[in-house]
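What the coordinates show
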Amino acid sequence: MGPQGSGKGTQGEMLSEYLGIPLISVGGLLREMPKTHPRNKEAEEYMERGELVPYDIAAELIQERISLPDCINGYILDGWAREKGNLEYFNPGFDLVLHILIPREESVKRITGRRICSSDGETYNIYTLPKEELEKCKGNLIQREDDTEEAVNRRLDIYYNETQKVINDFEKEGLLIEIDGVGTPEEVFERVKSALDVRKNGR
Ligand code: AMP
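Residues numbered from 1 in each chain as written. Predicted model: local features only at pLDDT ≥ 70, side-chain atom pairs only at ≥ 80, totals over all residues. Heavy atoms only, no water.

Structural notes on the layout of surface pockets
One water molecule sets the probe size; rolling that probe over the atoms shows where empty space is left. In this structure, the second largest pocket encloses a volume near 400 Å³. Secondary structure elements with two or more residues in the lining of the second largest pocket: α2 (26-31) and α3 (40-49). (1 Å grid on protein atoms, 1.4 Å probe; cavity = no way out; pocket = protein on both sides within 12 Å on 5 of 7 lines; lining within 4 Å. Points joined across faces, edges and corners; volume = space filled by probe spheres on them. Helix = DSSP H or I, 4+ residues; strand = E, 2+ residues; numbered from the N terminus.)

Structural data, given as structure tokens:
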């Protein structure tokens, strides 16, 4: 868990590779929803506005995905439990919850600067990508429709109002591990690994 732009997706990918279990992104499942799905249009409209899509749509996609054989030894879920209703509707039963923290201003900066390269599919940031690299991808960089300042602020409001309540519950249940998300992806990942080690070794 973590506010928009905290690097959840990046850390999730690194952790997925490290642990050898799949990363399942709810936002990703929704963006990849087949155009032929009867409720695709409806989901797209919510996403464009930066609002949460109806739970039943998202839950159905998650349940289908986690029933695939590659999830048998576990999986990392990014983007569920954004508000209590998510878990009331479908609770996958988390073993551990990682929470990556960054200040709100940093979220807005990272998200409004986020671009996806249409040729290699990689995510870049116009504030941190070296100029030469930026030149190379020029013309291919696209901005996600919900990465505008307005939509980001709407998503952050949900995060600070609703998601924080769920995080407080995870803390009470003893499942929460908090990670400082400021730094390079490698620095943050070192913190993730050592926090998991500490937990594993019971220190
Ligand atoms: P993300 O890629 O995590 O930023 O999510 C993008 C969008 O997907 C969100 O703004 C929501 O519209 C939708 N979404 C992601 N996770 C959920 C969820 N747990 N419940 C409902 N909608 C979601």
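There's more to say after this.
Overview of the site of the ligand
R31, E51, G79, R82 and N86 are the nearest of the 15 residues found near the ligand. Between the ligand and E51, the relevant distance is 2.5 Å, taken from an oxygen atom to a main-chain nitrogen or oxygen of the residue. Contact distances for the ligand include 3.3 Å between an oxygen atom and a side-chain N or O atom of R155. Notes on the ligand: free accessible area 490 Å², of which the protein chains cover 96%. Counting residues per element, the shell around the ligand draws most heavily on α2, which supplies 4 residues. In the shell around the ligand, the residues fall into 6 nonpolar, 3 polar and 6 charged. (Near = heavy atom within 4 Å. Polar contact = N/O pair within 3.5 Å; in protein donor to acceptor, adjacent residues only side chain to side chain. Areas by Shrake-Rupley, 256 points an atom, 1.4 Å probe, with all protein chains shown as cover. Nonpolar A, V, L, I, M, F, W, Y, C, P; charged D, E, K, R; others polar.)

Comments concerning the packing of aromatic side chains
In total, this model carries 6 aromatic pairs according to the counting rule given. Their ring planes at 90° and their centres at 5.2 Å tell us that Y159 and Y160 sit as a pair that is edge-to-face. On the basis of relative accessibility, which here comes to 4%, the residue Y159 falls in the buried class. According to the relative accessible area criterion, Y160 is partly exposed, its value standing at 32%. Through successive ring pairs, a cluster of aromatic residues spans Y55, W80, Y89 and F90. Of note, R49 hangs over the ring of Y46, and the distance from its end group to the ring centre comes to 5.1 Å. For K109, the ring lying beneath its charged end belongs to Y127, and the centroid distance is 5.1 Å. (Phe/Tyr/Trp six-rings, centres within 6.5 Å; stacked < 30°, edge-to-face > 60°. Buried < 20%, exposed > 50% of the residue type's maximum accessible area, 1.4 Å probe, protein only. Lys NZ or Arg CZ within 6 Å of the ring centre and 35° of its normal.)

Some thoughts on the sheet that holds strand β4 (residues 114-117)
The strand order β5-β4-β6 describes an open sheet built from 3 strands, whose pairing is antiparallel. The two strands at the open ends of the sheet, each matched to only one other strand, are β5 (123-125) and β6 (141-142). Contacts between helix α6 (residues 104-112) and the sheet are confined to β4 and β5, with β4 contributing the most and set at about 30° to the helix. (Pairing = 2+ DSSP bridges. Contact = heavy atoms within 4.5 Å. Axes fitted to C-alpha atoms, helices over the stretch in contact; angles between N-to-C directions.)

Focus on the confidence of the model for the chain
Per-residue confidence for the chain averages 93 on the pLDDT scale, and 100% of its residues sit at or above 70. Mean pLDDT values for the elements of the chain range from 80 in helix α7 (residues 131-137) up to 98 in strand β3 (residues 97-101). (pLDDT = per-residue confidence, 0-100.)

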